[in-house]
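Here is what each chain is made of, one letter per residue.
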Amino acid sequence: MNRKTTGSMLLALIAMTLGATAFAQQGPFGPRGNAPAAQLTGPVNGTMTVNMNDKLKISDTMFGIFFEDINYGADGGLYAELVANRDFECTPADARGWSAKKFWSLEGSGLTFDIATDDPIHANNPHYGVLTVDTVGPRLVNEGFGGFRYDKGAKYDFSMFARQQGDKPVKIEVGLLSDTGKVLGSGTVEVKSKTWEKVSLVLTASDGNSTEDACGKFYLKPLDSGTAAVDMVSLFPQDTFMGRKNGLRKDLAQTLADLKPQFVRFPGGCVAHGNSWQDDCYYWKDSVGSLEERKPIKNRWGYHQTRGLGYFEYMQFCEDIGAYALPIITVGVDCQFAGRQQAVPMDQMDRIVQDALDLVEFANGSTDTKWGGLRAKMGHPKPFGLKYIGLGNEEQITDAFEVRFKMVNDALVAKYPDIVVVGTVGPGASGGDYDRGWKFARQEKLPIVDEHFYMNPNWFVDSAQHRYDNYDRNGTKVYAGEYAAHAQGNPRPNTIETALDEAIFLTGVERNGDVVVMSSYAPLLGKHGNMQWTPNMIYFSNTKIDKTTTYEVQKLFGANAGTNYLKNTLSFGNALNQRQALRVAASAVQTKDGKTVLKYVNTLNVPVSISVTLDNAANVPDSAESTVLTGPSFTGKDYKLTTGSIKIGKTFTVELPAYSMTVISFK
Ligand code: AHR
């Protein structure tokens, strides 16, 4: 579970210390962090006036996604590689009990499986497997990331580096195994080179196991006695997202693309700096180039990162889905949840500064530069058009942090004035790091800073929805970079309540589009059975994807992102008291394709009827599309999406069911 104390836990602790336990636990709207108890008895009427001429610009980066390799989000998740520990680089540092043999096992006797390190393919990838065969028959089996999913008729690209270790070549059969151990496809490669050589073939699955638990396996079976060394043993479905080699799992990537994210933040989160700059910090240069040259490292969340999904693949994905890339890089200061702050010694900061500058060259430089040349060699001569770079991720804001941040930021601004730097103001919605981070950001005239808040659901309604109304309109802008409503429970649940409270917050974000220029919910992905953190936006296994209500809310905002906010007023007269009124929210935007979109969120237990007037409207059509997201229980996870149309005009009425989000759109 999380290593940090969430905002809601902190509030509860403070309240208990002050002897206010009753309020902390119950509060006027029910248990803090779970459903409001206010029960209204009849429908409520309200009015909304939208001024179609009074507009506020909204940035084209308002709704993005936060991608981090947490909960097996990358290896075993979005990254389509099926073989686990393909590089034999797992170590006990990744997780207790892990070793270079993790996920591999022998079936049968007469075959020896050793790990060796002399003369590896590359210094960054020092371990490899050695198969010594006495008796032909046994096989080395990989269990994958919780099994292999095979689809009937699908083609799989197998490849590995291999070297003949003895005095004769060794043929190796490779094959796909069904859940019950049946061979679904196989082929043979010959290991006959005395130096490392890449061997490959395509396997076709004669049957699928994708409707079952998908606990298939993959094997290597030597067919001759002798000794062969193997490394980078890889199996990819050919059918990846956009057909990319070394690509992304198609269904998961498509689920992300469907959110229509305007940017993708990567590689974290805490993964961006790891627990230690000397150990598991994500230096981007180690994640590019050919796969066997990349440096695998332990994942800060307790497993192994191959970094097959590296900076090139992240940027490629951004380009494929029409999103800006937002890489977050270290400024040489450790994660504040590592228990102590350590920083790169000042006499080694050159490397950190150079990494930042070289990242821009890698993304945007011409092909005759060192890093632009590598990008071209990797298959993308055209620049990626990187515009944003995040420096740091919720570090403790100290002298050590500020001096290092300034070194990296100053160098970036001097060399690449068009790059927009996103700073950080710590892990909380308020507090020491927040205050000092903001002061520092203003002093350094940073364009944007990244705010984080994991708080109880009611906080999103009572505080966050109007959080930005009073922020300074000039100067540093906000990236609400990690947020999620955390309801009580273990695991913390995704419910109608959490999603709708986040939706209420997002109406406030749109209204404050002159202050908030980016936002992303976190974390994005959680693999069933492999979670270090809840809640997440999307859950998945090897065969299925479970979208949450939060996902649907994010999609409704992403697909209906505005370029202009239309000023409006929403009022309930005396029908609701102040706190009840906070539980109904609305926003109005115009989109880039000329639509007007009205979004409504009702978290009351009764329907709400809103009389809408479109002031200064010309040519309003007779009807509009409507989408309604609702669920049978406020605290349940089940939801229903209904699309249809409603009659509109310059004045019309929209009915909001209890516990719902409604989107009305028309041209
Ligand atoms: O989103 C999960 C974690 O929460 C992120 O890695 C980190 O930035 C935050 O503490």
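Everything below is about the structure shown above.
Below, the structure is looked at part by part.

Cut-offs used in this document
- Counting from 1, residues in each chain are numbered in the order their sequence is written.
- Per-residue local features of the predicted model are confined to residues with pLDDT of at least 70, and side-chain atom pairs are confined, for both listing and counting, to 80 or more; whole-chain, interface and lining totals are unaffected and use all residues.
- With hydrogens and water excluded, all non-hydrogen atoms of the structure serve as input to the side-chain values.
- Only the stretch in contact is used when fitting a helix axis, every axis being a line fitted to C-alpha atoms; angles between N-to-C directions are given from 0 to 180 degrees.
- Working definition: helices are DSSP H or I runs of at least four residues, strands are E runs of at least two. Numbering for both runs from the N terminus.
- For classification purposes, angles smaller than 35 degrees are called roughly parallel, those larger than 145 roughly antiparallel, those between 65 and 115 roughly perpendicular, and all remaining angles oblique.
- By the definition used in this description, the sense in which the near helix is turned from the far one sets the handedness, with an anticlockwise turn below a right angle giving left-handed and a clockwise turn giving right-handed.
- Contact definition: two residues touch when any of their heavy atoms are within 4.5 Å.
- For this classification, Asp, Glu, Lys and Arg are treated as charged, while Ala, Val, Leu, Ile, Met, Phe, Trp, Tyr, Cys and Pro are nonpolar and the rest, including Gly, are polar.
- At least two bridges found by DSSP between two strands are what make those strands a pair.
- Whenever two N or O atoms come within 3.5 Å, that pair is a polar contact, provided that in protein one can donate a hydrogen and the other can accept it, and provided that, for residues adjacent in sequence, both atoms are side-chain atoms.
- For each residue, the test is whether any non-hydrogen atom lies within 4 Å of the molecule or strand; if one does, the residue is near.
- Note on areas: Shrake-Rupley with a 1.4 Å probe; residue coverage comes only from the protein chains shown.
- Between rings of Phe, Tyr and Trp, where Trp is taken as its six-membered ring, a pair exists when centres lie within 6.5 Å; planes separated by under 30 degrees are stacked, by over 60 edge-to-face, and by other angles tilted.
- Remark: exposure states derive from per-residue accessible area (1.4 Å probe, protein chains only) relative to the maximum for the residue type, with buried under 20%, exposed over 50%, and partly exposed in between.
- We count a charge as sitting over a ring when the NZ of a lysine or the CZ of an arginine lies within 6 Å of the ring centre and within 35 degrees of the ring normal.

Structural notes on the packing of helix α5 (residues 349-364) against helix α6 (residues 370-377)
Item 1. In the contact formed by α5 and α6, the axes pass within 7 Å of each other and the chain directions differ by 40°. Taken together, α5 and α6 sit at an angle that is classed as oblique. The handedness of the crossing between α5 and α6 is right-handed. Contacts between α5 and α6 pair Asp358, Glu361, Phe362, Ala363 and Asn364 from the former with Lys370, Trp371, Gly372, Leu374 and Arg375 from the latter.
Item 2. Grouping the amino acids of the contact of α5 with α6 by side-chain chemistry returns 4 nonpolar, 2 polar and 4 charged.

Quick look at unusual backbone geometry
Item 1. With an omega of -15°, the peptide bond between Ala522 and Pro523 qualifies as cis.
Item 2. Summarising the element assignment, Pro523 is placed in the loop between β21 (516-521) and β22 (525-527).

A few points about the sheet that holds strand β12 (residues 226-237)
Strand pairing in a sheet takes place through backbone hydrogen bonds and is either antiparallel or parallel in direction.
Item 1. Spatially, β4-β5-β12-β7-β10 is the arrangement adopted by the 5 strands of the open sheet, whose pairing is antiparallel. Each of the sheet's edge strands pairs with one partner strand only, and the pair in question is β4 (111-116) and β10 (197-204). The mean angle between the axes of side-by-side strands here comes to 35°, regardless of whether they run parallel or antiparallel.
Item 2. In the sheet, strand β7 (residues 155-164) pairs with β12 via 8 bridges, with the strands oriented antiparallel. Bridging from a neighbouring strand, Asp157 pairs with Phe236 of β12.

Considering the side chain of Glu482
Item 1. Within the fold, Glu482 resides in strand β20 (residues 477-485).
Item 2. There is a polar contact of 2.4 Å between the side chain of Glu482 and the side chain of Tyr454.

Some remarks on the sheet that holds β21
Item 1. Read across the sheet, 8 strands follow the order β2-β13-β16-β17-β18-β19-β20-β21 without closing on themselves; strand pairing throughout is parallel. Pairing within the sheet leaves two strands with one partner each, and these edge strands are β2 (65-66) and β21.
Item 2. Both strand β18 (residues 420-424) and strand β19 (residues 448-455) contribute to a ladder of 3 bridges, which runs parallel. In the sheet register, Val422 faces β19, and the bridge partner there is Ile448.
Item 3. Against the sheet, helix α8 (residues 432-443) touches β18, β19 and β20, its axis set at about 165° to β19.

Focus: the site of the ligand
Item 1. Surrounding the ligand, one finds 13 residues, the nearest of these being Glu68, Cys270, Glu394, Tyr454 and Glu482.
Item 2. A distance of 2.7 Å separates an oxygen atom of the ligand from a polar side-chain atom of Tyr454.
Item 3. In this structure, Glu482 approaches the ligand through a side-chain N or O atom, which is 2.7 Å from an oxygen atom.
Item 4. Against a free-state accessible area of 280 Å², the protein chains account for coverage of 99% of the ligand.
Item 5. Its residues assigned to classes, the shell around the ligand shows 7 nonpolar, 2 polar and 4 charged.

Concerning the packing of aromatic side chains
Item 1. The full count for this structure, using the stated rule, is 39 aromatic pairs.
Item 2. Pairing Phe263 with Tyr479 gives two aromatic rings, centres 5.5 Å apart and planes at 85°, and the pair type is edge-to-face. Of this pair, Phe263 sits in strand β13 (residues 263-266) while Tyr479 sits in strand β20, placing them 216 residues apart in sequence. The pair Phe263 / Tyr479 is uniform in exposure class, with both members buried.
Item 3. For the pair Phe401 and Phe405, a centre-to-centre distance of 5.6 Å together with 40° between the ring planes defines the contact as tilted. Here the residue Phe401 and the residue Phe405 both occupy positions in helix α7 (residues 399-415), the gap between them amounting to 4 residues, near one helical turn. In this pair, the class of Phe401 matches that of Phe405, namely buried.
Item 4. The structure contains a cluster of three or more aromatic residues connected by ring pairs, namely Phe67, Phe266, Tyr282, Trp284, Tyr311, Tyr314, Phe362 and Trp371.
Item 5. The ring of Tyr219 has Arg139 lying over it, and the distance from NZ or CZ to the ring centre is 4.8 Å.

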